Amino acid sequence: MTEITSAVSLEKKDNIGILAIDNPPVNALGIKVRKGLADGIEMAEKDSDIEAMVIMGRGRAFSAGADIREFGKPMEEPHLPDVLGKIENCSKPVVAAIQGTTFGGGLETALSCHFRIAVKNASFGLPEVKLGLLPGASGTQRLPRVMGVEKALNMITSGNPIGVKEALDSGLIDEIAEGELEDAAVAFAKKVLSEKRPIVKVSEKEDQIAYAREHPEIFDEFRKKNARRFRGFEAPEACIKAVEAAVNKPFKEGVKYERQLFAELMEGSQSAAQRYYFFAERQVSKIPDIPKDTPTYDINKVGIIGAGTMGGGIAMNFANAGIPVKIVDQKQDFLDRGLGVIRDNYERSASKGKMTQDDVEKRMGLITGTMSMEDLSDVDLVIEAVYENIDLKKDIFKRLDSICKDGAILATNTSYLDVNEIAAETGRPEWVLGLHFFSPANVMRLLEIVRAEKTSKEVLATALAIARKIRKIAAVVGVCYGFAGNRMFAQRKRESERLVLEGAPPTQIDKVIYDFGFPMGPFALADLIGIDVGWDRDNSNSRTLQEVLCEMGRLGQKSGAGYYKYEKGSRTPIQDPEVEKIIADFAAKQGIKRRDDITDEEILERCIYPIINEGAKIIEEKIAVRPSDLDVIWVNGYGWPIYRGGPMFYADLVGLDKVLETMKKYEAKFGDEWKPAGLLEKLVNEGKKFGDLNG
Ligand code: 3H9
């Protein structure tokens, strides 16, 4: 065996040369791999003992693609497209032997080989679009040539992988390999030689793109069909343009155009944000004082207190992961209703083909209801999900402490309350923490793990492990009112409500926030959630706009009117002059001077900058581990557009000096709530960014 570089080796088996990539963890195509492949092909060309080649990846992947950590830095030669050109132009047949992850540049490498065989665990994808890029090593030119334009467009613009069966059916691979891959690949290469099969250069294939050449309208149809999904993103349109070029230009020119689009995206802020986010999401589970080998406890049975929307949603997460759940509520009626809602949710998924009826029954079989808290004596984890009342929660934890076995973890799903105070009710505060799920809890990927003062490291490590098991993205936060996400969110809520009273119509504010990239603006969101959330009906006295609207029965979508009006059965907000009058009257009563010159820029600054400032305070107070964790929270819990990275990344992009200056401008106008965080001032003085704190 010859080690060409530390990441690629060449070995001969009879007359077949095996070029193997071994670059853990995922065989990313860094410089050592690119050089190894290029030199390996040259060596094989010159070696008269070698008649055909196999390219394969060792470990868990064929290759997960280009090394993302090299992006944004000057790229060392040889560049991947040149390496792939060398492979395709090799005069000896080259077989890609594929197992595991075959993504991005990895799949492009396989496409430059003359034949492809794969074992059953292989998955194939071009996820570049998720990094704000397009496949930049001729993937947009070669993939349509093997599987046709429509399938290629779907794969390239979604970034989602396909399995081995779909790969075979679509022509992406030639054969599914049985048994040991290396042996199968050598046998396949020998067969190619013995049958004197001609080398297949994908770049020269024309049959699969012929249809699209005759029907150019398919591109605009695809754009139209996916307009909602692509809104705000630059990369999907570039992907489509590149595939159009594959159809309309000769291969070489198409490749050139693809490179140009790739370079443009790479320079842009969207890809920078999405690449940053990729690492942020992987960093969030790394807690400095919780090493990887921290012992964890087994969680085999879970108890949930409260069969409401939240409790039910949380229960579904565990049932989906095969973990039995007992739900406790006070009345049979509540339990029946709660379990009914869970069943409806599963049935809906089954009717959409997302699971089988058998799955529905299996999952329902894992969820049981009980009216007796005593039944939680054998569970390993309890999550309390009753309404926000500190006395009620304290009482529940006191009871749980006496009921639950030693070694059971006790968690509260509170969104705001003091987890230390709740933990102090028990004789085991080191076993208590917050698990703050976001609504709907079976859908939203974010979980805030609230580390209380006395939570033990093992309990925290267990919470992180269980979050992974139920497929949540967990961010560890400390105890404060609203923790990280809601505390930041309160800033936007306050300012958007003030703006509306000062004269900006809800429609204008919502449009600014929607155009920024959020799925909806604050008022459409309030109508969706229900304006009465947190409203105290008994003590309501028209003191706030929320109270006024609720007292009038304008509760949001569910009552047909809120900040907007809604036609029966429709969720589409319609501007309502009546609400504008209600707002104007309320503002007059409050003595608020209204103006008609509120600009979109002011709205954006006032809705976004205080979020950033609060984030800075949260970092300063060590409530979150690092700024990028706050970005992960905002992207997954609050709809922050991923192509803007998250509020802290966005702040770095805008420039912290500009954020500081804007905070000061509004502080002079509105007072203390706009006081810049000490950390913001410090970073500006030191010429640093939030990104410098992400280590
Ligand atoms: C591309 O190919 C461009 C070309 O078209 C054109 C070029 C000219 N690079 O996610 P995990 C690291 S763009 C560097 O925790 P999993 C990751 O950071 C690329 N590092 O494991 C982590 O490190 P750490 C297109 C990478 O099993 C470790 O590997 N490809 C890369 O849940 C384990 O990762 C992609 O976008 C990479 N490409 O998932 C693929 N990939 O341990 C992106 C992973 O220090 N990657 N790492 O935190 C993935 O989708 C998943 O990581 C994968 C494994 C499915 C591979």
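Residues numbered from 1 in each chain as written. Predicted model: local features only at pLDDT ≥ 70, side-chain atom pairs only at ≥ 80, totals over all residues. Heavy atoms only, no water.

(A) Representation of the overall build of the protein within the structure. When its secondary structure is counted, the protein shows 29 helices and 18 strands. Its C-alpha atoms give the protein a radius of gyration of 29 Å, near enough to 26 Å, the size a compact globule of 695 residues would have. Expressed along its principal axes, the backbone C-alpha trace of the protein runs to roughly 90 × 60 × 55 Å. Nonlocal contacts in the protein, meaning residues at least 24 apart in sequence, comprise 71% of its contacts between residues at least 6 apart. Total accessible area on the protein is roughly 30800 Å²; 50% of this is exposed by carbon and sulfur atoms. Computing the positive centroid from 96 side-chain charges and the negative centroid from 107, the protein places the two 1 Å apart. (Helix = DSSP H or I, 4+ residues; strand = E, 2+ residues; numbered from the N terminus. Rg over C-alpha atoms; globule rule 2.2 N^0.38 Å. Contact = heavy atoms within 4.5 Å. Areas by Shrake-Rupley, 256 points an atom, 1.4 Å probe, with all protein chains shown as cover. Lys, Arg positive; Asp, Glu negative; His and termini not counted. Charge placed at Lys NZ, Arg CZ, Asp CG, Glu CD.)

(B) Structural view of unusual backbone geometry. Between Pro24 and the following residue, Pro25, the backbone shows a cis peptide bond with an omega angle of 5 degrees. Among the structural elements, Pro25 can be located in the loop between strand 3 (16-21) and helix 1 (31-46). Note the cis peptide between Ser439 and Pro440, where omega equals -10 degrees. Relative to the assigned elements, Pro440 resides in the loop between strand 16 (432-437) and strand 17 (446-451). Phi angles above zero are rare outside glycine, and Asp14 is one such case at about 55 degrees. Inspection of the secondary structure puts Asp14 in the loop between strand 2 (8-13) and strand 3. We classify Asp14 as exposed; its relative accessible area is 61%. One non-glycine residue with positive phi stands out, namely Asn27, at about 55 degrees. One can find Asn27 in the loop between strand 3 and helix 1. (Buried < 20%, exposed > 50% of the residue type's maximum accessible area, 1.4 Å probe, protein only.)

(C) Structural context of the site of the ligand. Arg60, Ala64, Glu108, Glu128 and Arg282 are the nearest of the 27 residues found near the ligand. Within the contact set of the ligand, an oxygen atom lies 3.0 Å away from a backbone nitrogen or oxygen of Gly136. Note that an oxygen atom of the ligand is positioned 2.7 Å from one of the side-chain N or O atoms of Lys286. For the ligand, the accessible surface in isolation is 1000 Å², of which the surrounding protein chains cover 75%. Counting residues per element, the ones that place at least two in the shell around the ligand are strand 7 (101-103), helix 3 (105-112) and helix 13 (269-283). Here the shell around the ligand gets three residues from one element, more than from any other, and that element is helix 13. Taken together, the residues of the shell around the ligand break down into 14 nonpolar, five polar and eight charged. (Near = heavy atom within 4 Å. Polar contact = N/O pair within 3.5 Å; in protein donor to acceptor, adjacent residues only side chain to side chain. Nonpolar A, V, L, I, M, F, W, Y, C, P; charged D, E, K, R; others polar.)

(D) Summary view of the environment of Asp532. With respect to the helices, strands and loops of the structure, Asp532 is situated in the loop between helix 22 (522-529) and helix 23 (545-551). Between the alpha carbons of Asp532 and Glu195 there is a distance of 74 Å; along the sequence they are 337 residues apart. In this structure the side chain of Asp532 is engaged in a polar contact, spanning 2.8 Å, whose partner is the side chain of Lys558.

(E) How the structure looks around a nonpolar patch on the surface. Taken together, the side chains of Leu528, Ile529 and Val533 define a hydrophobic patch exposed on the protein surface, amounting to about 270 Å² of accessible area. Its location among the elements puts Leu528 in helix 22. (Patch = residues over 30% accessible without salt bridge, like charges linked within 9 Å, V, L, I, M, F, W, Y side chains within 5 Å. Salt bridge = Lys/Arg side-chain N within 4 Å of Asp/Glu carboxyl O.)

(F) Structural view of the domain arrangement of the protein. Per the domain assignment, the segments making up the protein are domain 1 (2-267), domain 2 (302-481), domain 3 (484-503 + 596-695) and domain 4 (519-589). The interface is formed by seven residues belonging to domain 3 together with eight residues belonging to domain 4. Regarding the contact of domain 3 and domain 4, the summed buried area is about 690 Å², with carbon and sulfur atoms giving 77% of it. On the surface where domain 3 and domain 4 come into contact, there are zero salt bridges. At the boundary of domain 3 with domain 4, the tally comes to zero residue pairs in polar contact (both at pLDDT 80 or more). (Domains from an automatic or database assignment. Buried area = accessible area lost by both parts, 1.4 Å probe.)

(G) Just the pairing of strand 2, in detail. Strand direction decides the pairing type here: strand 1 (residues 2-5) and strand 2, joined by three bridges, are antiparallel. Note on strand 2: the bridge partner recorded for Thr5 is Val8. The antiparallel hairpin formed by strand 1 and strand 2 contains two residues in its connecting segment. Across six bridges, the pairing between strand 2 and strand 3 is antiparallel. Within strand 3, the position partnered with Glu11 by the bridge is Ile18. (Pairing = 2+ DSSP bridges.)

(H) Expanded view of the pattern of salt bridges. Within this structure, the stated rule accounts for 60 salt bridges. A salt bridge links Lys581 to Asp585, with the shortest nitrogen-to-oxygen separation between them at 3.0 Å. Separated by four residues within a single helix, Lys581 and Asp585 lie in helix 24 (residues 577-590), roughly one turn from each other. Look at Asp585 and you get partly exposed, because its relative accessible area is 43%. In this structure, a network of salt bridges that share partners links the residues Arg494, Glu495, Arg498, Glu502, Arg595, Asp597, Glu602, Arg606 and Glu673.

(I) Focus on the packing of aromatic side chains. Summed over all chains, the structure comprises 22 aromatic pairs. Each ring, one from Phe71 and one from Phe262, has its centre 6.4 Å from the other, and the planes form 80 degrees; the classification is edge-to-face. Residue Phe71 is located in the loop between strand 5 (61-63) and helix 2 (80-88), and its partner Phe262 is located in helix 12 (residues 251-267); the two are separated by 191 residues in the primary sequence. By the burial criterion, Phe71 is buried, and Phe262 matches it. Sitting over the ring of Tyr257, Lys249 keeps its end group 5.3 Å from the ring centre. The side chain of Arg492 reaches across the aromatic face of Phe518, ending 5.0 Å from its centre. (Phe/Tyr/Trp six-rings, centres within 6.5 Å; stacked < 30°, edge-to-face > 60°. Lys NZ or Arg CZ within 6 Å of the ring centre and 35° of its normal.)

(J) Region of the structure containing the sheet that holds strand 1. Spatially, 1-2-3-4-6-8-10 is the arrangement adopted by the seven strands of the open sheet, whose pairing is mixed. Either end of the sheet is taken by a strand with one partner, and the two such strands are strand 1 and strand 10 (175-176).

(K) A look at the pairing of strand 18 (residues 473-478). Counting buried positions along strand 18 gives six out of six residues, so the element sits mostly inside the fold. What you see with strand 18 is no split at all: Ile473, Ala475 and Val477 on one side and Ala474, Val476 and Gly478 on the other are buried throughout. Strand direction decides the pairing type here: strand 17 and strand 18, joined by six bridges, are parallel. Among the inter-strand pairings, Arg451 is bridged to a residue of strand 18, identified as Gly478. Tracing the backbone out of strand 17, into helix 19 (residues 457-469) and back to the parallel element strand 18 gives a crossover that is right-handed. (Right-handed = clockwise from strand over helix to strand, strands pointing away.)

(L) Just the nonpolar core, in detail. Judged by nonpolar contacts, the single largest core of 95 residues is most densely connected at Leu400, Leu630, Ile633, Trp634 and Phe690. At nine residues, helix 25 (residues 600-620) tops the list of elements feeding residues into this core. Beyond its immediate sequence surroundings of up to four residues, Ile633 is in contact with Leu446, Glu448, Ala475, Val477, Ala484, Gly485 and Tyr638. (Core = buried A, V, L, I, M, F, W, Y, C linked by side-chain atoms within 4.5 Å.)

(M) Molecular detail of helix 11 (residues 235-248). Under the 1.5 Å per step criterion, the end-to-end length of helix 11 is 20 Å for 14 residues, consistent within 8% with the ideal 20 Å. Taken across its 14 residues, helix 11 has ten buried, putting it largely inside the fold. When helix 11 is considered as a whole, its buried residues turn out to be Ala235, Pro236, Ala238, Cys239, Ile240, Ala242, Val243, Ala245, Ala246 and Val247. (Expected span 1.5 Å × (residues − 1).)

(N) Structural context of helix 4 (residues 139-147). Helix 4 sits mainly inside the fold: nine of its nine residues count as buried. The elements touched by buried residues of helix 4 are helix 2, helix 3, strand 8 (115-118), helix 5 (149-158), helix 11 and helix 12. Immediately beyond the C-terminal end of helix 4, within one or two residues, lies Gly148, with a positive phi of roughly 90 degrees.

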